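Structural features, examined
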Amino acid sequence: MNAHPQQRHLEESASFDAGVLEYIRQATQCGLYEIRGMGAKRRLPTFDDLVFLTASASRYPLEGYREQCSSRTVLGTRFAERPIELEIPVTIAGMSFGSLSASAKDALGRAASEMGTSTTTGDGGMTPEERRSSKTLVYQCLPSRYGFNPDDLRQADAVEIVIGQGAKPGGGGMLLGQKVSPRVAGMRTLPEGIDQRSACRHPDWTGPDDLAIKIQELREITDWEIPVYVKMGATRVFDDVKLAVKAGADVVVIDGMQGGTAATQHIYIEHAGIPTLAALPQAVAALEEMDMLGEVGLIISGGIRTGADVAKALALGADAVSIGQAALIALGCNNRCHHDGNDWVDVDDDYGQLETAPGFCHHCHSGRCPVGIATQDPDLERRLLPEVAAAWVKNYLQVLAMEVTTMARACGKSDVHHLEREDLVALTVESAAMAGVPLAGTSWIPGAD
Amino acid sequence: MTASRDFDLAEMSVRELNEFLHRELPELVDVSQGASIHDDDPLTRINVFNPNGGHSIAAGLDCAVEVEIHGHAGYFIAGMNKQARVTVHGNVGWSVAENMMSGEVRVKGHASESAAASMHGGLAVIEGDASSRCGISLKGGRVVVAGNVGHFSAFMAQAGTMIVCGDAGANLGDSLYEAVIYVGGKIHGLGADAREEPMETSDVEAVRSLLSEADVEGDPETFRRVASARSLYHWNADAHQEY
Ligand code: SF4
């Protein structure tokens, strides 16, 4: 006799859970791997696994509201005549015009300028809108060299050689045809509407010895005035940072595996690279070994969301952080509504047409962004009003800055850059090992000599 | 009248030379006609002696001037050039004329890898051979190689024209977009999505005109045309890497 359905014991397989079943079903139906936007969705050790040991009897705090705590951040002092000077240690990461709408780039520039920080171009070159709206603009030199030219290089405040990014280290890039509008195609010298590939290797140099000569060329072209950043996805971080420093970088940018993208293969997003928490201490160790801590700037990115994340990154040795996905969310990414200047307009149905829902969207690759951020469709782009969205991002950056200074004061620091590893402990054994800080309540650092 | 000025890299650094070329030279040259802003004797020629394999010589120029480099030079010579006519009387290392926007770069000897990489405009002439990946990521302009080119030349070339009077190595034009390649000698193999196409009258005329502009000898009637089959423009999962 069959058991009553309510009495059946149904056990989901740990190996073949619902997600894996869906993955295999998709593969059988499409014969194609998944391409999507945003970053890793899997659970990873993060900065959430660390907490601060704020002041008590053994440490003396600063008064939270009235005593000054500086967040001024200077990057690129090693060789450049004009280092980057920022009011806050939070920068906007490179995101291309093409993957993002011109309005989104414009809004990010306005917000960053208001808060005294920098934005970064992306694959596809520099738009006049972002140059106008960004007081401090970092110009990316990517393998594709789409739109790369000496005039824009000379009007940049820094140049960033991109070797890789956290979402797809070693993977190159792609912009699917639906986003290759006439303007995007023109900037990239490509036919309109084609699936556009961004190379994974630079065309004019290969190994680290060549990189040193490439950096020298960029310095010569800009008369040694602006800093040269080198950005890498977090894989073999210790060795990679040493090579970048040896090649002459002023600033090294490390992008952990939580870093986002507009479009790449799911397998890269979830299975390549190491978490930001694990990457940062390796980068710091490399700089320490070369006696370059403080001389070569260090920016960390990949899943930075809160003022707490920023404070913990600084305490572990970063000079600044870079945000991408969080900045998009501040622009309204995954919002149920967009704002038309007067009122909120529900776009739940548009998410539905993408077979997703607000809060779950990662469909930047589709070009059908319901809130006008990751699109080149003029009708959709109009859903993002740069002046309105810039105010949201500015508020968000302001909160991050306030939280960092608040935490720094509570640790007794008058400068956010005085936060140090000694201010942190870990809540889990794995995060203690990755971050190189003691497990809370102990003096044990797993893996330390 | 033509005024020239000599620089000796045995006596000064590349950085000092480039700073002069970027900061002072434009003040001394009328960029439109070569007439001096300041006097009647326009500065139109720069001679660079003892390059000694130095890198980035004459990189980042934006000025209508002739630069003559007397000897062998290193990587990134005349990188990102605009307007200037740069001639190297010798061989060069990697990536000569990379990202050139306009003007002309001429190498009297041979060029190492990635010559004219990512070039957007202007004319690059290699009178000897060019190594692998010549014209990689080409975005416009004209590249003329009097000798042979190595493998993977014109890889992912997007726009512009490349002429190879000698032989082309394996994987020529791999993943080509809209750039067109003409080869006078033997082709050792085409890359993914590159195909040979019939030479039309307009192609013969294009080769004739470009050879003449580059002052390179060759019989345009003997060249073959290579362009993109455009089968990779839209990604095909069923290709199983059989490109
Ligand atoms: S809402 Fe727009 S920006 Fe956000 S994940 Fe979806 S498509 Fe991308």
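Anyway, here's the lowdown on the structure attached to this text. Quick caveat: nothing in here was measured; it's all calculated off a predicted structure.

1. A short note on the nonpolar core
V241, V252, I254, I323 and I373 of chain A are the most contacted members of the largest nonpolar core, which totals 104 residues. Residues contacting I254 of chain A, with those up to four places away along its chain left out, are M232, A234, V237, V241, A279, A283, L298, I299, I300 and S301 of chain A. Membership of the second largest hydrophobic core comes to 56 residues, among which are L9, A58, I77 and V164 of chain B.

2. Examining empty space enclosed by the protein
Any empty space left between the atoms is revealed when a probe the size of a water molecule rolls over them. All names here are of chain A. In this structure the tally under the stated criterion is 4 cavities of 30 Å³ or more. Its boundaries defined by the atoms lining it, the largest cavity holds a volume of some 110 Å³. What lines the largest cavity is a set of 14 residues, and nearest its centre among them are C333, C361, C364, C369 and A374. Split by residue class, the lining of the largest cavity holds 11 nonpolar, 3 polar and no charged.

3. As for the packing of aromatic side chains
Scanning the entire structure with this criterion turns up 8 aromatic pairs over all chains. When the ring of F79 of chain A is compared with that of W224 of chain A, the centres are 6.3 Å apart and the planes differ by 85°; the resulting orientation is edge-to-face. Of this pair, F79 of chain A sits in the loop between β3 (73-75) and β4 (84-86) while W224 of chain A sits in the loop between α6 (208-221) and β11 (228-233), placing them 145 residues apart in sequence. Measuring from centroid to centroid gives 5.9 Å for Y177 of chain B and Y233 of chain B, while their planes differ by 35°, and the two rings are tilted. Of this pair, Y177 of chain B sits in the loop between β8 (159-164) and β9 (180-183) while Y233 of chain B sits in the segment after β11 (224-228); the two residues are 56 residues apart in sequence, bridging distant segments of the chain. For the pair formed by Y177 of chain B and Y233 of chain B, the shared burial category is buried. One aromatic cluster is present, formed by Y75, F76 and W94 of chain B through successive ring pairs. Here the guanidinium or amino end of R183 of chain A rests over the ring plane of F97 of chain A, the centre of that ring lying 4.6 Å away.

4. Focus: the environment of R383 of chain A
Residue and element names in this part refer to chain A. As for its placement among the helices and strands, R383 is situated in the loop between α13 (378-381) and α14 (386-410). Residues in contact with R383, not counting those within four places in the same chain, are H338, H339, V347, D350, P370, V371 and G372. In terms of polar contacts, R383 uses its side chain to reach the side chain of D350, at 2.5 Å. A polar contact of 2.9 Å, which involves the side chain of R383, links it to the backbone oxygen of P370.

5. Some words on the interface of chain A and chain B
Taken together, the contact between chain A and chain B spans 38 residues of the former and 38 residues of the latter. Of the roughly 3,200 Å² buried at the junction of chain A and chain B (both faces included), carbon and sulfur atoms supply 57%. In terms of surface lost to chain B, no three residues of chain A exceed P203, E220 and D223 of chain A, which account for 17% of the buried area on that side. Our count for the contact surface shared by chain A and chain B stands at 6 salt bridges.

6. Re the site of the ligand
All names here are of chain A. Taken together, M38, C333, N334, Y351, C361, H362, H363, C364, C369, V371 and A374 form the complete shell of residues around the ligand. According to the grid-proximity analysis, the pocket containing the ligand is the largest cavity. Residues of the shell around the ligand, tallied by class, amount to 8 nonpolar, 3 polar and no charged.

7. Observations regarding the pairing of strand β5 (residues 104-107) of chain B
All names here are of chain B. Every second residue of β5 is oriented toward a common face, with E104 and R106 on one face and V105 and V107 on the other, all of them buried. Direction of pairing for strand β4 (residues 85-88) relative to β5: parallel, over a ladder of 4 bridges. Paired with R85 across the two strands is E104, which belongs to β5. Where β5 and strand β6 (residues 123-126) come together, 4 bridges link them in parallel fashion. Counterpart to R106 in the pairing with β6 is V125.

8. So, the pattern of salt bridges
Pairing of side chains with opposite charge becomes possible as their charged atoms draw close. All names here are of chain B. Per the counting criterion, the structure on display carries 47 salt bridges over all chains. Here E205 ties to R208 by a salt bridge, and the two come within 3.3 Å at their closest N and O atoms. Taken as a pair, E205 and R208 lie in helix α2 (residues 201-214) at a separation of 3 residues, close to a single helical turn. E205 sits in the partly exposed class, given a relative accessible area of 41%. Using a relative accessible area of 38% as the deciding quantity, one classes R208 as partly exposed. Among the salt bridges present, the one from R208 reaches E221, with a minimum N-O distance of 3.8 Å.

9. Considering the sheet that holds β5 of chain B
The strands making up a sheet associate through backbone hydrogen bonding, with each pair oriented either parallel or antiparallel. Residue and element names in this part refer to chain B. Spatially, the 11 strands line up as an open sheet ordered β1-β2-β3-β4-β5-β6-β7-β8-β9-β11-β10, and their pairing is mixed. Either end of the sheet is taken by a strand with one partner, and the two such strands are β1 (3-8) and β10 (194-197). In this sheet, adjacent strand axes meet at a mean angle of 15° when their direction is disregarded. In this fold helix α1 (residues 14-28) packs onto β1 and β2 (43-49), with an angle of close to 165° to the strand it touches most, β2. Taken strand by strand, α2 contacts β5, β6, β7 (139-145), β8, β9 and β11, and its axis lies near 70° from that of β7.

10. Concerning α6 of chain A
A turn of α-helix holds 3.6 residues, and therefore any two residues three or four places apart point the same way. Residues and elements named next belong to chain A. Its 14 residues give α6 an end-to-end C-alpha distance of 20 Å, which sits within 8% of 20 Å, the value for a rise of 1.5 Å per residue. The element α6 is extensively covered by neighbouring structure, given that 10 of its 14 residues are classed as buried. Along α6, the residues that are buried comprise D210, L211, I213, K214, I215, E217, L218, R219, E220 and I221. Backbone geometry just after α6 places D223 at a positive phi near 50°.

11. Describing helix α1 (residues 18-30) of chain A
Spanning 13 residues, α1 of chain A covers 18 Å between terminal C-alpha atoms, matching the ideal 18 Å at 1.5 Å per step. The N-terminus of α1 of chain A is capped by D17 of chain A, whose side-chain oxygen sits 3.2 Å from the backbone nitrogen of G19 of chain A.

12. Observations regarding the packing of helix α2 (residues 102-114) of chain A against α14 of chain A
Residues and elements named next belong to chain A. Between α2 and α14, whose axes approach to 8 Å, the crossing angle comes to 45°. One element, α2, and the other, α14, form an angle in the oblique class. In terms of crossing hand, the pair formed by α2 and α14 is right-handed. Where α2 approaches α14, its residues S103, D106, A107, L108, R110, A111, A112 and E114 are matched on the opposing element by P386, E387, A389, A390, V393, K394 and L397. Of the residues assigned to the contact of α2 with α14, the class counts are 9 nonpolar, 1 polar and 5 charged.

Rules and cut-offs
Residues numbered from 1 in each chain as written. Chains lettered and ligands numbered in written order. Predicted model: local features only at pLDDT ≥ 70, side-chain atom pairs only at ≥ 80, totals over all residues. Heavy atoms only, no water. Core = buried A, V, L, I, M, F, W, Y, C linked by side-chain atoms within 4.5 Å. Buried < 20%, exposed > 50% of the residue type's maximum accessible area, 1.4 Å probe, protein only. Contact = heavy atoms within 4.5 Å. 1 Å grid on protein atoms, 1.4 Å probe; cavity = no way out; pocket = protein on both sides within 12 Å on 5 of 7 lines; lining within 4 Å. Points joined across faces, edges and corners; volume = space filled by probe spheres on them. Nonpolar A, V, L, I, M, F, W, Y, C, P; charged D, E, K, R; others polar. Phe/Tyr/Trp six-rings, centres within 6.5 Å; stacked < 30°, edge-to-face > 60°. Helix = DSSP H or I, 4+ residues; strand = E, 2+ residues; numbered from the N terminus. Lys NZ or Arg CZ within 6 Å of the ring centre and 35° of its normal. Polar contact = N/O pair within 3.5 Å; in protein donor to acceptor, adjacent residues only side chain to side chain. Buried area = accessible area lost by both parts, 1.4 Å probe. Salt bridge = Lys/Arg side-chain N within 4 Å of Asp/Glu carboxyl O. Near = heavy atom within 4 Å. Sits in = over half its atoms within 2 Å of the grid points. Pairing = 2+ DSSP bridges. Axes fitted to C-alpha atoms, helices over the stretch in contact; angles between N-to-C directions. Expected span 1.5 Å × (residues − 1). Parallel < 35°, antiparallel > 145°, perpendicular 65-115°, else oblique. Left-handed = near helix turned anticlockwise from the far one by under 90°.

Purely spatial values, then, with no claim about function.
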